[in-house]
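Reading the structure
Each chain, letter by letter, is given below.
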Amino acid sequence: MMAEPPTHARAHSAAEHAGHDHGGAAVALEYHPGLPIPNGKLIVWLFLSTEIMFFAGLIGTYIVLRFGASTWPVPHEVHLSEPIGAFNTFVLICSSVTVVLSLEAAKAGKTASAKGWLLATLVLGGVFLGVKAYEYNAKFSHGIYPWRPHSRIYEKADLNYAAAVRTRLESLKSQLDGEATAIKERLAKTPPAIEKDPAAVELFEKQELVDNLVIYEKDVEIKAATDPNAAGARAALDEMASLIMFHNEIETQATDPDAARARAALAKLVDHGGDSNGAQHEGLNDEHEWLKLPVVIPGGNMWASTYFLLTGFHALHVLLGLIVFVIMIPMTLGVMAAGLVENIGLYWHFVDLVWIFLFPLLYLF
Amino acid sequence: MSEHGHEHDPGGGHDDHVGIAKYIYVFIALCILTTMSFFTYSSYWPFHEQPNIGRSFMMAVSCTKALLVILFFMHVKYEANWKYVLTIPAAFMSLFLLLALVPDIGMRGHWLSEERRLHMAEPRSKAPKPVLHHGGSHEQQDAEGPAAGDKAR
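Described in the following lines is the structure provided in the data block. (Residues numbered from 1 in each chain as written. Chains lettered and ligands numbered in written order. Predicted model: local features only at pLDDT ≥ 70, side-chain atom pairs only at ≥ 80, totals over all residues. Heavy atoms only, no water.)

1. Some remarks on unusual backbone geometry
Here the amide bond leading from Arg148(A) into Pro149(A) is cis, since omega sits at 10 degrees, within 30 degrees of zero. Checked against the element boundaries, Pro149(A) lands in the loop between α4 (111-141) and β1 (153-154). Of note in this structure, His75(B) is not a glycine but carries a positive phi near 60 degrees. In this structure, His75(B) sits in the loop between α2 (51-73) and α3 (82-106). Since its relative accessible area comes to 1%, His75(B) is described here as buried. (Helix = DSSP H or I, 4+ residues; strand = E, 2+ residues; numbered from the N terminus. Buried < 20%, exposed > 50% of the residue type's maximum accessible area, 1.4 Å probe, protein only.)

This is the structure:
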């Protein structure tokens, strides 16, 4: 008995002889796909191959920008937490397992189980996005944005930086003066004494801090404006930047007695007896978040642009996956839907794959 | 959806022998590898002074993790040869994209104008540059440090 020819051979042969098939029975042609996979899976893979190029372009740009830069911020300067990044990696790895278990359950016809695993994937994806939102919030609250006017990042402590600090202090001073007038008007109508009112006490403390900063900043700015290239002036600017956002100990450069007194009062606010590594040191911006003074983070602007671009696009992909999960969960995820689960699973694994590279590149490099 | 009614594995797809146990082993391997990456952050990592060792290590770990996900979770290990058609050209395009950026962007620091250099960010550890106004040499002021340079002025 002869072996049966393959399907494509049959179709080919039928098409070839159709022209001189006189009076014979009609041959039913059989469709056969170009690749031995379903169309849906082929489309997902084609989409993923464009996604490979998309993220490779973004990650490649990050690598080239980062290693071609004269300086790049260390994670702590930009408020990145390595353990949080590792936790999010773990969450995505778990979600990859749950989605593959959902596929196995769907293939075995265990609809409820497939739905459960998909729900678990949805929850894990939600956790990932929640942690990412928390991380973004930490950056935003420290003035780390990829664009102005929200961004308070300056590349170096120079005269422009001092002017930005002065502008912010002037705005704070007028805001606090307005609040003080309101409090005085209120207390004039309903005593207790002004020094016993908690809001008034807090306001006076804020005013004292801002006044000290104004005196100190003025001294630094005059020094910088007189001779911006002088080593002493640059050291004074560095010292002010370090007082606002700590990076290392700098000997005081204040020579004017009032400025020296103001500087000593400010230094007392941020000095908690930290160790030589500066582990316990914090700047004025950390101690008093309402200050929102401009900060010096060398390379910080480029860092912010690349960080938000990479993690933002990745988070959008996660969000898209979650939307598809939400649509799929009410469906019957049996054998007939296994292909669909496989396709979304492929996409989800790719999202995990991108994070596998982003985690070390952004948090540990 | 395809014309096959249901999409799953008409031929050349992955087999059912990819058991759940295999997924669990891959998951454990991925967790261990993530911990290995994170180890470079800890104080026990012996090469903090040579960051390139840590970076190479992390990239090797990441590539291993990526391979595990691609081969087992994405079932590429069990797919037919079509997988090469879709993945290899994309991988090459990615590589070319990266290489194309190197001359203009990656090596931009090699041909900076003096003005650009003046305003660009400097590493924090870099000491303020003293500028000569009142005689003496750069070397002498560099040796004296910023505070000494300021006093001289």
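2. As for the environment of Asp158(A)
In this fold, Asp158(A) is placed in the loop between β1 and α5 (159-189). When the C-alpha atoms of Asp158(A) and Val296(A) are compared, they prove to be 9.5 Å apart, with 138 residues separating the residues in sequence.

3. Some remarks on the environment of Ile356(A)
Counting through the fold element by element, Ile356(A) comes out in helix α11 (residues 338-364). In sequence terms Ile356(A) and Ile93(A) are 263 residues apart; their C-alpha atoms lie 8.9 Å from each other. In this view, Ile356(A) contacts Ser62(B), Lys65(B), Ala66(B) and Val69(B); residues no more than four positions away in its chain are not counted. (Contact = heavy atoms within 4.5 Å.)

4. Structural notes on the packing of aromatic side chains
Residue and element names in this part refer to chain A. For the structure shown, the criterion picks out 27 aromatic pairs over all chains. Measuring from ring centre to ring centre gives 6.2 Å for Phe67 and Phe365, while their planes differ by 70 degrees; the resulting arrangement is edge-to-face. Note that Phe67 is positioned in helix α2 (residues 39-68) and Phe365 in the segment after α11, a separation of 298 residues in sequence. Residue Phe67 is classed as partly exposed on the basis of its relative accessible area, which comes to 41%. (Phe/Tyr/Trp six-rings, centres within 6.5 Å; stacked < 30°, edge-to-face > 60°.)

5. A closer look at the interface of chain A and chain B
Interfaces are often sized by the amount of accessible area the parts lose when they come together. Contacts between the two partners involve 78 residues from chain A, matched on the other side by 68 residues from chain B. Seen at the junction of chain A and chain B, the total is one salt bridge. Applying the counting rule to chain A against chain B returns six residue pairs in polar contact (both at pLDDT 80 or more). In terms of residue count, the dominant contributor to the side of chain A that touches chain B is α2(A) (19 residues). Residue composition of the side of chain A that touches chain B, grouped by class: 46 nonpolar, 19 polar and 13 charged. (Salt bridge = Lys/Arg side-chain N within 4 Å of Asp/Glu carboxyl O. Polar contact = N/O pair within 3.5 Å; in protein donor to acceptor, adjacent residues only side chain to side chain. Nonpolar A, V, L, I, M, F, W, Y, C, P; charged D, E, K, R; others polar.)

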